[in-house]
Amino acid sequence: MRTCTKNHLAGLFALLTLAGCGEAEPAVEPGPIDVRVMSFNVLCSFCDKSYDPWAERVPYIADILTRHDPDLVGLEELTTGDEVREITALVPGYDAVFLEDPDAPLFKEYGDATVLVRSSKFRILAHGSYFLSATPDQNWSSGWAGAQLWRIVTWVHLRQRSDGRELFFAATHFDNNTPNQEKSAPLLLERTEPWAKRMPALAVGDFNSTPDSEAYRLLTSGATEGGLALANTFDAAVTFEQVHNQPATPAWDSGERIDHIFAASPEPWSCARWAVDQTVYGPSKKYPSDHFPITADVTLE
């Protein structure tokens, strides 16, 4: 992957212009960004043994990516860079971005909140990560109270190859404890807001926050008066679809959603379709994860 900046801290309050990457900009009139976005918590490789083993689930995950063919993906609960590469080896055409910290005492590569970018559609101008903690720019800092694992945001600054339009995309995995969720929401908004003032912004992930939770309220109403508020593509979608291969449509409760695809933009945007995938795999007809992958077809004007 070729990028101009490889910075794993938050770093971008200066909002780099990032000229001089060595690629000429297209001499065409900028147009909308039509993008299919996915978020999928894949269930970590060593978690819940009631699901099929990781080696069997990797092809399931690859099948999901192949069938939905998203342009941008946030994958949660991948642990190592090797696990990311197991998936991308089966699904070519994506640049993968995740935390790389050669000085880390444990994980030199950390795949939770991995971003996949369709390389033929977008060029990565810059990328980085920050931790959901009181010291977000300190690698391996954990949350405000009772954190189980390190929680991070991985972000990318993108340029659409066809016309030069720019886009900000972030993937995250909030903690499943309180007050970490409620503290993480304002931090995500604070770090996303400077980008969303300049260009369309998308934030996806496992937020561990149902629509009736306080963290969700903060995300969608704003943490400060007049500050950034995110809109859920589910609410804006013209059509909704449950994708599955089961004899009858399985149950799914929208009020229990904790995985979300959010949007914010200085220009109008729309969502034509929002889908949840409930496909089962293997001889035992099991789900590949304890989360369902979700996709949204978004147009950013």
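Relevant structure appears above.
Throughout what follows, the structure given in this document is the object of discussion. This is a predicted model, so every value here is computed, not measured.

1. Looking at the overall build of the protein chain
Reasoning step 1: Regarding its fold elements, the protein chain presents five helices and 13 strands.
Reasoning step 2: Reported as C-alpha extents along the three principal axes, the dimensions of the protein chain are approximately 50 × 45 × 40 Å.
Reasoning step 3: Out of the 301 residues belonging to the protein chain, those deemed buried represent 55%.
Reasoning step 4: A sequence separation of at least 24 residues applies to 78% of the contacts in the protein chain between residues at least 6 apart.
Reasoning step 5: Element-wise, carbon and sulfur atoms account for 52% of the exposed surface of the protein chain, whose accessible area totals about 12300 Å².
Reasoning step 6: In the protein chain, the 24 positive side-chain charges and the 42 negative ones have mean positions that sit 3 Å from each other.

2. Examining the packing of helix 1 (residues 54-68) against helix 2 (residues 81-88)
Reasoning step 1: The interhelical angle for the contact between helix 1 and helix 2, taken along N-to-C directions, is 55°, at an axis separation of 9 Å. Taken together, the axes of helix 1 and helix 2 are oblique relative to one another. Read as a crossing pair, helix 1 and helix 2 show a hand that is right-handed. Two secondary-structure elements touch here, helix 1 through Trp54, Val58, Ile61 and Leu65 and helix 2 through Glu83, Glu86 and Ile87.
Reasoning step 2: Tallied by class, the residues present in the contact of helix 1 with helix 2 amount to five nonpolar, no polar and two charged.

3. A few points about the side chain of Thr233
Reasoning step 1: As for its placement among the helices and strands, Thr233 is situated in helix 5 (residues 233-236).
Reasoning step 2: For Thr233, a relative accessible area of 0% translates into the label buried.
Reasoning step 3: Only 2.8 Å separates the side chain of Thr233 from the backbone oxygen of Ile261, close enough to count as a polar contact.
Reasoning step 4: Apart from residues lying up to four places away in sequence, Thr233 is in contact with Ile261, Ala263, Trp269, Cys271, Trp274, Ala296 and Val298.

4. A look at the pattern of salt bridges
Reasoning step 1: Tallied over the full model, the rule gives twelve salt bridges.
Reasoning step 2: Between Asp69 and Arg118 there is a salt bridge, and its shortest N-O distance comes to 2.9 Å. With Asp69 in the loop between helix 1 and strand 2 (72-76) and Arg118 in strand 4 (residues 109-118), this pair connects stretches of sequence that are 49 residues apart.
Reasoning step 3: Overall, the relative accessible area of 43% leaves Asp69 in the partly exposed class.
Reasoning step 4: One salt bridge connects Asp71 with Arg118, and the closest N-O pair in it is separated by 2.6 Å. One end of the pair, Asp71, is in the loop between helix 1 and strand 2; the other, Arg118, is in strand 4, with 47 residues separating them in the sequence.
Reasoning step 5: Sharing partners across several salt bridges, the network here consists of Asp63, Arg67 and Asp277.

5. A short note on the packing of aromatic side chains
For any two aromatic rings, the description comes down to two numbers: the centre-to-centre distance and the angle of the planes.
Reasoning step 1: Inspection of the entire model under this criterion finds 21 aromatic pairs.
Reasoning step 2: A ring pair is formed by Tyr287 and Phe292, whose centres lie 4.8 Å apart and whose planes are at 80°; its orientation type is edge-to-face.
Reasoning step 3: Tyr287 gets classed as partly exposed once you look at its relative accessible area, which sits at 23%.
Reasoning step 4: Classification of Phe292 by relative accessible area gives partly exposed; the value is 22%.
Reasoning step 5: Clustering of aromatic rings is evident, with ring pairs tying together Phe107, Tyr110, Phe131, Trp140 and Trp150.
Reasoning step 6: For the cation-ring pair, Arg191 lies above Tyr130, with the distance from its terminal atom to the ring centre recorded as 5.1 Å.
Reasoning step 7: Above the plane of the ring of Phe234 lies Arg257, whose end atom (NZ or CZ) is 4.0 Å from the centre.

6. Focus on unusual backbone geometry
Of all residues except glycine, most have a negative phi; of all peptide bonds, most are trans.
Reasoning step 1: Omega for the peptide link from Thr178 to Pro179 comes to 10°, which places this bond in the cis form.
Reasoning step 2: Note that Pro179 resides in the loop between strand 7 (166-173) and helix 3 (180-196).
Reasoning step 3: The phi dihedral of Asp69 is positive, around 55°, even though this residue is not glycine.
Reasoning step 4: Look at Trp140: it is not a glycine, yet its phi comes out positive at around 70°.
Reasoning step 5: Secondary-structure assignment places Trp140 in the loop between strand 5 (122-131) and strand 6 (152-160).

7. Concerning the layout of surface pockets
Reasoning step 1: Put simply, the largest pocket is a space of about 300 Å³.
Reasoning step 2: Surrounding the largest pocket, 20 residues form its lining, Cys44, Glu77, Leu149, Arg151 and His173 being those nearest its centre.
Reasoning step 3: Looking at the lining of the largest pocket residue by residue, the classes come out as eight nonpolar, seven polar and five charged.
Reasoning step 4: The computed volume of the second largest pocket comes to approximately 170 Å³.
Reasoning step 5: Along its surface, the second largest pocket is lined by Trp252, Asp253, Glu256, Arg257, Ile258, Asp259, Trp274, Val276, Asp290, His291, Phe292 and Ile294.
Reasoning step 6: Residue composition of the lining of the second largest pocket, grouped by class: six nonpolar, one polar and five charged.

Basis of the calculations
Residues numbered from 1 in each chain as written. Predicted model: local features only at pLDDT ≥ 70, side-chain atom pairs only at ≥ 80, totals over all residues. Heavy atoms only, no water. Helix = DSSP H or I, 4+ residues; strand = E, 2+ residues; numbered from the N terminus. Buried < 20%, exposed > 50% of the residue type's maximum accessible area, 1.4 Å probe, protein only. Contact = heavy atoms within 4.5 Å. Areas by Shrake-Rupley, 256 points an atom, 1.4 Å probe, with all protein chains shown as cover. Lys, Arg positive; Asp, Glu negative; His and termini not counted. Charge placed at Lys NZ, Arg CZ, Asp CG, Glu CD. Axes fitted to C-alpha atoms, helices over the stretch in contact; angles between N-to-C directions. Parallel < 35°, antiparallel > 145°, perpendicular 65-115°, else oblique. Left-handed = near helix turned anticlockwise from the far one by under 90°. Nonpolar A, V, L, I, M, F, W, Y, C, P; charged D, E, K, R; others polar. Polar contact = N/O pair within 3.5 Å; in protein donor to acceptor, adjacent residues only side chain to side chain. Salt bridge = Lys/Arg side-chain N within 4 Å of Asp/Glu carboxyl O. Phe/Tyr/Trp six-rings, centres within 6.5 Å; stacked < 30°, edge-to-face > 60°. Lys NZ or Arg CZ within 6 Å of the ring centre and 35° of its normal. 1 Å grid on protein atoms, 1.4 Å probe; cavity = no way out; pocket = protein on both sides within 12 Å on 5 of 7 lines; lining within 4 Å. Points joined across faces, edges and corners; volume = space filled by probe spheres on them.

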